[in-house]
Amino acid sequence: MSIPSRFVLTIACSLATHICAQEEPAKDPDLLRFENGDVLHGRFEGMENGTSVTWSGNSIKSSINLQSGTLRRIALNGGRAAKSLPQPEFVQLVNGDQIPGRVIELDDKNLTLETPMAGTVVVERQFVSSISPNPFGGSLHYIGPFTKDEWSFVERPKAESQPRSRRVEEPEEDEDPWAFGGDAWYSNGQVPIAVDANIPDKARIKFNLAWRSRLSAVVAFHASLDIPQIKKPEEEEDGDNKKVIRKKGLPSSGSNSYPLTYGHSYVLTIYSSYAMLYRCDFDKDGNPKMNRLTNSSATIRLEESGEAEFELRCDRENSRILLFVNGEYVNQWEDPQGYAGIGSHLTFGCQNAGSHLRVSDIVVSNWNGMLDSARSMDAEDRDTILLNNGTDRFSGKITGIKSGHYQLKGTYADMQIPVDEVEELRFARSSRKELPAPSGKALRLILRPIGRITLDPGKSTPTDLTGRHQALGDINLDLGFASIIEFSFSDSILDSWDEKF
């Protein structure tokens, strides 16, 4: 369903266009942030000995050398990688690094991985926690945000009038309600932002929220963004008599602001200590209705400033919605009136104008209807394989990979499972060995859509970086796949908050 132009400020192009042809970078496409919070636009020219960064720019007469110990991060090309990884498959290491690529060899000791950014690499099996050949079960509907092109600002309608309409690129005296950069949206106000995420009937919706003051977020899903007109009673003279006629118009907001903003939808409000779910729809005359689903309390415990991963699991057929926070089950709601969300849009907003919110790492995929958390895949002494259908799983000992099949030695039988049918493989916890903590000069590369590599850097050009990874050994990386270079690994959300790139 298309977004009505009278309610939405539309942003022009599609994600597919962005992937095929990246936006032309500005003259100073990169952004450097120092540890003290200062920022500098320019161009990353490379590194020497892993400790000195060469930087240039239009405002700099000649290139300068900066000690990496004074830097927090560099956003390359405005935080948008110049090259897109061909597939989302990856291997996760015990330190949290995610290495994009396809496993081509596997035995009791080593794993060989073919990667787009570093060629063929070998890693000891004991340093691998999981393999994800098809991390979304082969049913990915949206991942991002990697571009602002298909997102829209959603404006609340006004009775008897149309809201103003402008493209986001057009000049505006006031600051835009959201700023895009580094594969994330940063809020500057209370106007929501929306994307048609093609949310299926049974969906998993994952996203990261970060906040700098008390969390006060609004997330609408399966939203139609379509608001029906109603007939509003008015008097009109007809000779000596007065009669009531019915005139079309928009209802006033009152206490029904959510349905008048998001249309037929569900709206989740998230605070630091609890979450609430609202059902939004309209009666047969077009009057808005909003009801809070109250079958149980959704208690969460989050910091005043911080970051968390949220996951919604939605089932239209059974009118059921589940919420997970940081991988832990929080609550389940069932709607006795039937499922209200008839749309496919996903929106984010702030309840409080003074709050600051960052939205990133959004993934929308099919859900198989299972209620358990992904953490149930972990086992102490057995490897576990989950198939793409999300229901079938097998455990035992993974002995290798041959002719596109994982070899599994089970309790009652040996099995050969096609790689293309595997969503995720997790190795037994007892077989894993922790990696040493990174050295003081280590840096971290963030790749999109999925990827993280922590290594001790050596020499670098603007396009390539050599370094030593504690599990992969000496590697040469193509920086075209990197969006961000991090020099500081602080856990504070304030340290990584870049409002604009």
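A. How the structure looks around the confidence of the model for the protein. Residues at a pLDDT of 70 or more form 80% of the protein, whose mean pLDDT is 81. No element of the protein has a lower mean pLDDT than helix α1 (residues 15-20), which averages 36, and none a higher one than strand β11 (residues 119-124), which averages 96. A low-confidence stretch, residues 1-26 stays under pLDDT 50, and its non-local contacts, those more than four residues away or across chains, total 58 contacts. A low-confidence stretch, residues 159-173 stays under pLDDT 50, and its non-local contacts, those more than four residues away or across chains, total 27 contacts.

B. Just the packing of aromatic side chains, in detail. Within the structure shown, the criterion is met by 13 aromatic pairs. Taking 6.3 Å as the distance between ring centres and 45° as the angle between the ring planes, the aromatic pair formed by Y258 and Y262 counts as tilted. Remark: Y262 and Y258 occur in helix α2 (residues 257-262); sequence separation between them is 4 residues, near one turn of the helix. Comparing Y258 with Y262 shows no difference in burial state: the two are buried. Summarising the aromatic geometry, the rings of F324 and Y329 are spaced 5.7 Å apart at their centres and angled 75° between planes, so their arrangement reads as edge-to-face. Since its relative accessible area comes to 46%, Y329 is described here as partly exposed. In textbook terms, an aromatic cluster arises when at least three aromatic residues are bridged by ring pairs, as seen for Y142, W151, F153, F180, W185, F207, F310 and F348.

C. Molecular detail of the pattern of salt bridges. Throughout the structure, instances matching the rule amount to 22 salt bridges. As a salt-bridge pair, R102 and E89 come within 3.4 Å of each other at their nearest N and O atoms. Remark: E89 occurs in the loop between β6 (71-75) and β7 (90-93) and R102 occurs in strand β9 (residues 102-106); sequence separation between them is 13 residues. Under the relative-accessibility criterion, R102 is labelled partly exposed at 35%. Owing to a relative accessible area of 8%, E89 belongs among the buried residues under this scheme. The network of salt bridges with shared partners includes D28, R43 and E45.

How each quantity is defined
Residues numbered from 1 in each chain as written. Predicted model: local features only at pLDDT ≥ 70, side-chain atom pairs only at ≥ 80, totals over all residues. Heavy atoms only, no water. pLDDT = per-residue confidence, 0-100. Helix = DSSP H or I, 4+ residues; strand = E, 2+ residues; numbered from the N terminus. Contact = heavy atoms within 4.5 Å. Phe/Tyr/Trp six-rings, centres within 6.5 Å; stacked < 30°, edge-to-face > 60°. Buried < 20%, exposed > 50% of the residue type's maximum accessible area, 1.4 Å probe, protein only. Salt bridge = Lys/Arg side-chain N within 4 Å of Asp/Glu carboxyl O.

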